[in-house]
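Chain residues, written in single-letter form:
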Amino acid sequence: MEIQYLGSSSFRIKTKKAILVTDPFKKTIADIVIVSRRNEDKINPALVRGTIDRPSPFVLPGPGEYEISEVSILGRKWKESLVYIIQAEEIRIAFLGDFQEKLKDEQLEEINGVDVLLVCPEATEVVKQIEPRIVIPATENPEKFLKNLGLEEIPPLPKLVINAQNLPEEREVVVLNARD
């Protein structure tokens, strides 16, 4: 699996069977489009073209359970945010969009045990509650996020390539460069 940061709250997640894009705000290609904020001018699923396997991308219509191209997706509405738990290739990813509040017990139960957490930079309390194996902040300026977690500067990577066998034992924060 490959994870790239596209900027703002947008990520590209590439599995063996599908390409997912979260919160698209510029032209890209994908099989599956996930939108965490419906009334956001900047987020525009119409900018996403399909792939060879799926000429028109599947845009998740909102909360619910989905199974597309061997990718399972659970969407939930938490307050004003849509959050998604994505499972593919034995890896669980939580995409929280702009959600940053302390989790309630039932939310924590749903999201606990995720391997990768994609979060806005204000969500450090959520990171501490969940304790995922990998945390990727959706920001081009991660200094404050890292400081709030008690970490020093981390050199950014162009992308993260992972599989279920090479996940770290302890929590690791990964900073990604925004890409086109």
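The following refers to the structure shown. Bear in mind the structure is a predicted one, so any value in this text is a computation, not a measurement. (Residues numbered from 1 in each chain as written. Predicted model: local features only at pLDDT ≥ 70, side-chain atom pairs only at ≥ 80, totals over all residues. Heavy atoms only, no water.)

1. Describing the sheet that holds strand 3 (residues 19-22)
Link 1 in the chain: An order of 7-5-3-2-1-14 is seen for the 6 strands of this open sheet, with the pairing classed as mixed. Bordering the open sheet on either side are strand 7 (58-59) and strand 14 (160-161), each of which pairs with just one other strand. (Pairing = 2+ DSSP bridges. Helix = DSSP H or I, 4+ residues; strand = E, 2+ residues; numbered from the N terminus.)

2. Quick word on the nonpolar core
Link 1 in the chain: Formed by 31 residues in total, the largest nonpolar core has its most connected members in Ile3, Ile73 and Ile136.
Link 2 in the chain: It is strand 10 (residues 81-88) that provides the largest number of residues to this core, a total of 4 residues.
Link 3 in the chain: Leave out the neighbours within four places in its chain, and Ile136 touches Ile3, Phe11, Val116, Leu117, Leu118, Val119, Leu160, Val174 and Leu176.
Link 4 in the chain: Membership of the second largest hydrophobic core comes to 24 residues, among which are Leu96, Leu103, Val135 and Ile154. (Core = buried A, V, L, I, M, F, W, Y, C linked by side-chain atoms within 4.5 Å. Buried < 20%, exposed > 50% of the residue type's maximum accessible area, 1.4 Å probe, protein only. Contact = heavy atoms within 4.5 Å.)

3. Comments concerning the sheet that holds strand 13 (residues 134-137)
Link 1 in the chain: One open sheet holds the 7 strands; their spatial order is 8-9-10-11-12-13-15, and the pairing between them is mixed. The open sheet has two edge strands with one neighbour each: strand 8 (64-68) and strand 15 (172-173).

4. Points about the pairing of strand 2 (residues 10-14)
Link 1 in the chain: Of all 5 residues that make up strand 2, 4 are buried, and the element is covered over most of its length.
Link 2 in the chain: The pairing of strand 1 (residues 2-7) with strand 2 spans 5 bridges and is classified as antiparallel. Along strand 2, the bridge assignment pairs Gly7 with Ser10.
Link 3 in the chain: Joining the antiparallel neighbours strand 1 and strand 2 is a turn of 2 residues, in which Ser8 adopts a positive phi near 50°.
Link 4 in the chain: Of the strand pairs in this sheet, strand 2 and strand 3 are connected by 3 bridges, and their pairing is antiparallel. Bridge pairing in strand 3 links Arg12 to Val21.
Link 5 in the chain: The antiparallel hairpin formed by strand 2 and strand 3 contains 4 residues in its connecting segment.

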